Amino acid sequence: MRKMLCALCAAFGILACTQDAYDKGEGKYSLMRGDFAEARVNGDKRIDQIITDDNEVLPTTELVTTKWIATADTTYRCMLYYNKVETANGKPAAEIISIGQVPCPAVKSVSEFGQEVRTDPVKFESAWLSKSGKYLNLSLLLMTGVTDDTAAVQKLAVIVDTLLLHSDNTRALHLRLHHDQGGVPEYYSTQTYLSLPTDSLPTDTVHFSINTYNGIVQKSFVLQ
């Protein structure tokens, strides 16, 4: 199995371009796509291929690296903005414009987590299974702000509440989102994504509980 390295923090760039480029349809970003993907990293810690959640495999037009690529010969989960272009041999490739790592937190039991489970509220946007069935994805908005307190850090984790075995031998995994606001001010929202590899979930169905500013949101998924 390929090694998947994931962290609990990801940074996403904001792309800017002129209005004229959009009006003419000739700008670098006029045909830009945004996809969740796996980025394959070669021995020089450079991305040479992506696999989108539509299972499309694309080489990159250039070898790309970022500061969060720490290990060679592995695969990272990412959010990718790119142009799909045609190479000299007539085959498609990805011209990467911006790429950000998507955290893949390990699912832990309360005992493994080893600290108080907190459910400070978040803003929930959506939850979905990737078309490939390989990932359960969450889109959240976290309230944040500037503070002089260097110890103020928000933390996210995924905690197992229960794993039920039904009479027909199917399993149901009940998960809870741990969110510790950590003393961070709540002035404005910032986009955050999480991806859970489904091959790490020992279950047939997943039931996810997320505390939001509007109350508890519960989402259920049948794994493929």
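Notes on the structure in this doc start here. (Residues numbered from 1 in each chain as written. Predicted model: local features only at pLDDT ≥ 70, side-chain atom pairs only at ≥ 80, totals over all residues. Heavy atoms only, no water.)

Inspection of the secondary structure puts Ser195 in strand 12 (residues 188–197). A polar side-chain atom of Ser195 sits 3.1 Å from a polar atom in the side chain of Arg77. For Ser195, the side chain forms a polar contact with the side chain of Asn137, separated by 2.6 Å. Residues contacting Ser195, with those up to four places away along its chain left out, are Arg77, Val102, Pro103, Cys104, Pro105, Tyr135, Leu136 and Asn137. (Helix = DSSP H or I, 4+ residues; strand = E, 2+ residues; numbered from the N terminus. Polar contact = N/O pair within 3.5 Å; in protein donor to acceptor, adjacent residues only side chain to side chain. Contact = heavy atoms within 4.5 Å.)

Applying the stated rule across the entire model yields three aromatic pairs. Pairing Phe36 with Trp128 gives two aromatic rings, centres 5.5 Å apart and planes at 65°, and the pair type is edge-to-face. On the criterion of sequence distance, the pair formed by Phe36 in strand 2 (residues 33–41) and Trp128 in strand 8 (residues 123–129) is long-range, its members being 92 residues apart. A relative accessible area of 25% places Trp128 in the partly exposed class. Ring centres of Phe36 and Tyr193 lie 5.0 Å apart, and the angle between their planes is 90°; on these two criteria the pair is classed as edge-to-face. One end of the pair, Phe36, is in strand 2; the other, Tyr193, is in strand 12, and 157 residues separate them in sequence. Owing to a relative accessible area of 15%, Tyr193 belongs among the buried residues under this scheme. In this arrangement the basic side chain of Arg77 is found over the ring face of Tyr135, its NZ or CZ atom lying 3.8 Å from the centre. (Phe/Tyr/Trp six-rings, centres within 6.5 Å; stacked < 30°, edge-to-face > 60°. Buried < 20%, exposed > 50% of the residue type's maximum accessible area, 1.4 Å probe, protein only. Lys NZ or Arg CZ within 6 Å of the ring centre and 35° of its normal.)

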